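Read off the chains here:
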Amino acid sequence: MTAQILDGKALAARVRAEVARDVLALNQKGVEVTLAVVLVGDDPASQVYVRNKVKACAETHIRSLEFRMPAETTQQELLAKIAELNADDAVDGILVQLPLPSQISSAAVIAAIDPAKDVDGFHTRNAGALMTGSQTLVPCTPMGVMRLIEDAGVNPAGKTAVVVGRSNIVGKPMAMLLLHAHATVTVAHSKTPDLASVTKNADILVAAVGRARLITADMVKEGAVVIDVGMNRDENGRLCGDVDFDSVKEKAGSITPVPGGVGPMTIAMLMCNTVLAAKHRRGLSL
Ligand code: NDP
């Protein structure tokens, strides 16, 4: 059996079209939706991410404000910029591109962002709201994964889900969303002794590790939904995921490719969160 390929690029385009319609409707009510993107330093990957985010804003009629700060920016200078954006009533969402230069604490920066404008969903107030199942801004990558699973026609309720990776930005919120969707969730990580024995139980397997092709066919249950969050460079410098796509696609029921799977969904969900923040701040219906 060859797996159904879950086309994140196509789904992301559909989501962006929905967002664009939503934004135009807001514009007609006199509401402009604005995302502020802050990039510190000149990390090439971060520059690409920021470029793609700004491009997605243009496509969805969201106004983007780009702030590029030099690599030697101090934490105080960045916090001052965030305070300015928090206070600016025209700004609905604030995104500080990570990673930050070593002199700046990303935790301090995330904590400084107004939770109502925290479109990455990283603030502890939003993380706590996610944990307790309250309405909140949810991190974009796990939210994109949930849309992909839904679009594949899979209902997580009653299924066994395994998330490999426990970061605050992907693994933990991913596990929480699957739990809210009534899956039975296991979270594996670098201290999990026999990873294959855990992943083999998964009806839904999400790999968010950062190790090229860690997940091989022998670690996957026949017919599983396999979602590959990883973005790695292989030995030839080519972009690849955490899943050995070529072998796993012969065993899985459905699978996301890298590129063209989770990546585009992450950016589309950022657009959704920006609109959500804009509506919520203005007391408009969600
Ligand atoms: P982190 O490095 O923060 O977390 C990686 C997690 O994987 C950790 O929990 C770590 O365990 C675990 N891990 C590491 N090695 C192993 C192993 N051999 N077996 C099992 N678990 C292991 O990464 P992120 O969560 O930020 O990102 C994960 C991947 O997703 C990266 O490739 C990143 O580039 C990609 N990514 C992609 C996005 C997209 O839009 N497509 C967005 C965000 C990230 P421990 O906690 O024990 O150290």
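Residues numbered from 1 in each chain as written. Predicted model: local features only at pLDDT ≥ 70, side-chain atom pairs only at ≥ 80, totals over all residues. Heavy atoms only, no water.

Draft legend 1. Molecular detail of helix α1 (residues 8-28). Taking 1.5 Å as the rise per residue, α1 with 21 residues should run 30 Å; its terminal C-alpha atoms sit 30 Å apart, in good agreement. Buried residues of α1: G8, L11, A12, V15, R16, V19, A20, V23 and L26, and no others. In this structure D7 caps α1, since a side-chain oxygen of it lies 3.1 Å from the backbone nitrogen of K9. Positive backbone phi, at 85°, marks G30, one or two positions downstream of α1. (Helix = DSSP H or I, 4+ residues; strand = E, 2+ residues; numbered from the N terminus. Expected span 1.5 Å × (residues − 1). Buried < 20%, exposed > 50% of the residue type's maximum accessible area, 1.4 Å probe, protein only. Polar contact = N/O pair within 3.5 Å; in protein donor to acceptor, adjacent residues only side chain to side chain.)

Draft legend 2. Examining the nonpolar core more closely. Counting residues in each nonpolar core, the largest one holds 56 residues, and the members touching the most others are L35, I62, V145, L178, V206, I227 and M271. By residue number, the principal contributor to this core is helix α10 (residues 262-281), which donates ten residues. Both domains that meet at this core, namely domain 1 (30-119) and domain 2 (140-263), each give it at least three residues. Non-local contacts of L35, meaning those with residues more than four positions away in its chain, are made with C57, I62, R63, S64, L65, G93, I94, L95, V119, L270, M271 and T274. V162, V220, V248 and A252 belong to the second largest nonpolar core, which has 19 residues in total. (Core = buried A, V, L, I, M, F, W, Y, C linked by side-chain atoms within 4.5 Å. Domains from an automatic or database assignment. Contact = heavy atoms within 4.5 Å.)

Draft legend 3. Spotlight on the side chain of T34. Inspection of the secondary structure assignment puts T34 in strand β2 (residues 34-40). Excluding anything up to four places from it in sequence, T34 contacts I62, R63, L65, A90, V91, D92, G93 and T274.

Draft legend 4. Spatial organisation of the pattern of salt bridges. Tallying each qualifying case throughout the model produces 15 salt bridges. Salt-bridge contacts for D203 lead to K221; the nearest nitrogen and oxygen are separated by 2.7 Å. A residue pair is termed long-range when its members are at least 10 positions apart, and D203 in the loop between α8 (195-199) and β7 (204-207) and K221 in the loop between β7 and β8 (225-228) qualify at 18 residues. On the basis of relative accessible area, K221 is assigned to the partly exposed category, the value being 33%. Where salt bridges share partners, they join D89, D92, R281 and R282 into one cluster. (Salt bridge = Lys/Arg side-chain N within 4 Å of Asp/Glu carboxyl O.)

Draft legend 5. Region of the structure containing the site of the ligand. Around the ligand sit 22 residues, and of these R166, S167, S190, M231 and T266 come closest. Within the complex, the protein chains bury 71% of what would otherwise be the 940 Å² of accessible surface of the ligand. Ranked by residues supplied to the shell around the ligand, first place goes to α10 with three residues. In terms of residue class, the shell around the ligand is made up of ten nonpolar, ten polar and two charged. (Near = heavy atom within 4 Å. Areas by Shrake-Rupley, 256 points an atom, 1.4 Å probe, with all protein chains shown as cover. Nonpolar A, V, L, I, M, F, W, Y, C, P; charged D, E, K, R; others polar.)

That is the geometry; function is a separate question.
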